[in-house]
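Descriptive structure summary
Each chain, written out:
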Amino acid sequence: MKKIIRHAAIFIVSSAALLLLLLLCSCGSDLDGTWVSREDEDTRIKISGEKVKISYDDFRIEGTYELDEDANIIFHLTDKNGSKYKITAKLMTDQKNKTITLINPKGDEEVFEK
C-alpha cells in the first residue's frame, strides 16, 4: 500500500512540475519582457520567445534558453567575441509573474523584477 501511495505522490508531483513547465514555456509569454535585478539596476535579462539577452553595464551576451523538468532555466549564450556559455539556474516565479528568482548551483540567488 505504501508503494502505491509513494508512486501516486511521485506522479502528482511530476505532473505538477510538468504543468508548471508547460505554463512557463507557452510561447515564453510569462517570461517575455525585460527583467531588472533588484541588487543592480544595470543587470538586465530581456526575454522574447526563446531568445534571451543579458546585459551588465557595457557587457552584452545573447542566445536562447530552455526550461527543464526540474524547474531549471538553461541559458545557451554567446558573447561578442564568439565565446559560448551555458548557465543553469533554478527558476522560481511569483504567482503574479512580477518577479523571478534565479538560484545558481552554489545557492546564490538573484531576484529580478519585470
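It should be noted that the structure appears before, not after, this text.
Residues numbered from 1 in each chain as written. Predicted model: local features only at pLDDT ≥ 70, side-chain atom pairs only at ≥ 80, totals over all residues. Heavy atoms only, no water.

**Quick word on the layout of surface pockets**
A volume near 360 Å³ is recorded for the largest pocket. Lining the largest pocket are 17 residues, and of these Ile 45, Ile 87, Leu 102, Glu 110 and Phe 112 sit closest to its centre. Looking at side-chain class alone, the lining of the largest pocket contains eleven nonpolar, three polar and three charged residues. (1 Å grid on protein atoms, 1.4 Å probe; cavity = no way out; pocket = protein on both sides within 12 Å on 5 of 7 lines; lining within 4 Å. Points joined across faces, edges and corners; volume = space filled by probe spheres on them. Nonpolar A, V, L, I, M, F, W, Y, C, P; charged D, E, K, R; others polar.)

**Comments concerning unusual backbone geometry**
In the Ramachandran plot, Asp 57 falls in the positive-phi region, its phi being about 55° despite a non-glycine side chain. Look at Ala 71: it is not a glycine, yet its phi comes out positive at around 65°. For Ala 71, the position within the fold is in the loop between strand E4 (59-67) and strand E5 (72-79). Relative accessible area serves as the criterion here: at 27%, Ala 71 is assigned to the partly exposed category. (Helix = DSSP H or I, 4+ residues; strand = E, 2+ residues; numbered from the N terminus. Buried < 20%, exposed > 50% of the residue type's maximum accessible area, 1.4 Å probe, protein only.)

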